[in-house]
Amino acid sequence: MATIKVRNSGTEITDETAVRDFLSAQEIYYEHWDVSTIPAHLQDRFDLSDGDKETILSSLAPMIDRLASSRGYVKWDLIALSASTPGIDELLKKFEQVHTHTEDEVRAIAAGSGTFIIKGQGDTGYFDVRLAKGDVISVPEYNPHFFTLTEERQVVAVRLFVDPAGWVAHPFADPSFAAAL
Ligand SMILES: [Fe+2]
């Protein structure tokens, strides 16, 4: 289940209904999948072959298909990041820059955990959404954000795209972000 931390106030939200209400008020799409459909031998594994990734995507197909058809996604893939990923530290440095996309950014967590840092509406400031296994989130197009790993430093996630060509990261220079850290 996702949890929230608002950077300006330090407020933490862990109650499921409160988390859903907060994200809804911020116009962030959120849902939760039952990912126990992933075969047991691939549960909580991070060193995945291309064949393993296909198997995991197939095991999640009913949920992927429903989300894709309701929200217009036409392509999806599975990413796995962990301490054994080559160049993981450099990769994370690259990730941890506030940016925007012309498409929404969707992640469905199949294993491990990850955090989206998102610029909130109005004077909310930035907030962290910590995602656990089964959490599905969509950061709206043009909404400043970045994604990073948690202290667990491992994640497997489904990414879904309306148009992968529109999914280039555009840096978003924001003095208020540095002030919020
Ligand atoms: Fe992004």
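Right above here is the structure, for reference.
Just so we're clear, the structure is a prediction, and the values are computed from it rather than from any experiment.

This part covers the overall build of the protein. Looking only at helices and strands, the protein features 5 helices and 12 strands. A compact globule built from 181 residues would reach a C-alpha radius of gyration of about 16 Å, and the protein, at 16 Å, matches this within 12%. For the protein, the residues scored as buried account for 29% of the 181 residues in total.

Ordered by their spatial adjacency, 5 strands build an open sheet running S3-S9-S6-S11-S4, and the pairing between neighbours is antiparallel. Each edge of the sheet is formed by a strand with only one pairing partner; in this case those strands are strand S3 (29-32) and strand S4 (75-81). Across the sheet, the mean angle from the axis of one strand to that of its neighbour is 20°, orientation sign disregarded.

Generally speaking, a soluble globular protein has its nonpolar side chains buried in company with each other. Judged by nonpolar contacts, the single largest core of 37 residues is most densely connected at Ala110, Phe116, Ile118 and Val129. Put simply, the parts of the chain that give this core at least two residues each are helix H1 (16-25), S4, strand S6 (105-112), strand S7 (114-119), strand S8 (126-131), strand S9 (135-139), strand S10 (145-149) and strand S11 (155-161). Sequence-distant contacts of Ala110, that is, excluding residues within four places in its chain, are made with Val35, Ile38, Ile56, Leu60, Leu78, Lys133, Val156, Ala157 and Val158.

Looking at chain direction, strand S1 (residues 3-6) and S8 are connected through 4 bridges and run antiparallel. Residue pairing in the sheet places Lys5 in a bridge with Asp128 of S8. As consecutive antiparallel partners, S1 and strand S2 (residues 12-13) are separated by 5 residues, and within that stretch Gly10 has a phi angle of approximately 80°, a positive value.

By the criterion of burial, S7 is predominantly enclosed, with 5 of the 6 residues buried. From the end of S7 to the start of S8, which pair antiparallel, there are 6 residues, and Gly122 there has a positive phi angle of about 55°. Of the pairings in the sheet, the one linking S7 to S10 comprises 5 bridges and is antiparallel in character. Residue pairing for S10: Thr115 is matched across the bridge by Thr148.

A word on the environment of Tyr30. Here Tyr30 shows up in strand S3. Accessibility expressed as a C-beta count within 10 Å gives 17 for Tyr30, which makes it partly exposed. Measuring from C-alpha to C-alpha, the distance between Tyr30 and Thr17 comes to 12 Å, with 13 residues separating the pair along the chain.

Rules of the game
Residues numbered from 1 in each chain as written. Predicted model: local features only at pLDDT ≥ 70, side-chain atom pairs only at ≥ 80, totals over all residues. Helix = DSSP H or I, 4+ residues; strand = E, 2+ residues; numbered from the N terminus. Rg over C-alpha atoms; globule rule 2.2 N^0.38 Å. Buried ≥ 20, exposed ≤ 12 C-beta atoms within 10 Å, placed from the backbone. Pairing = 2+ DSSP bridges. Axes fitted to C-alpha atoms, helices over the stretch in contact; angles between N-to-C directions. Core = buried A, V, L, I, M, F, W, Y, C linked by C-beta atoms within 7 Å. Contact = placed C-beta atoms within 7 Å.

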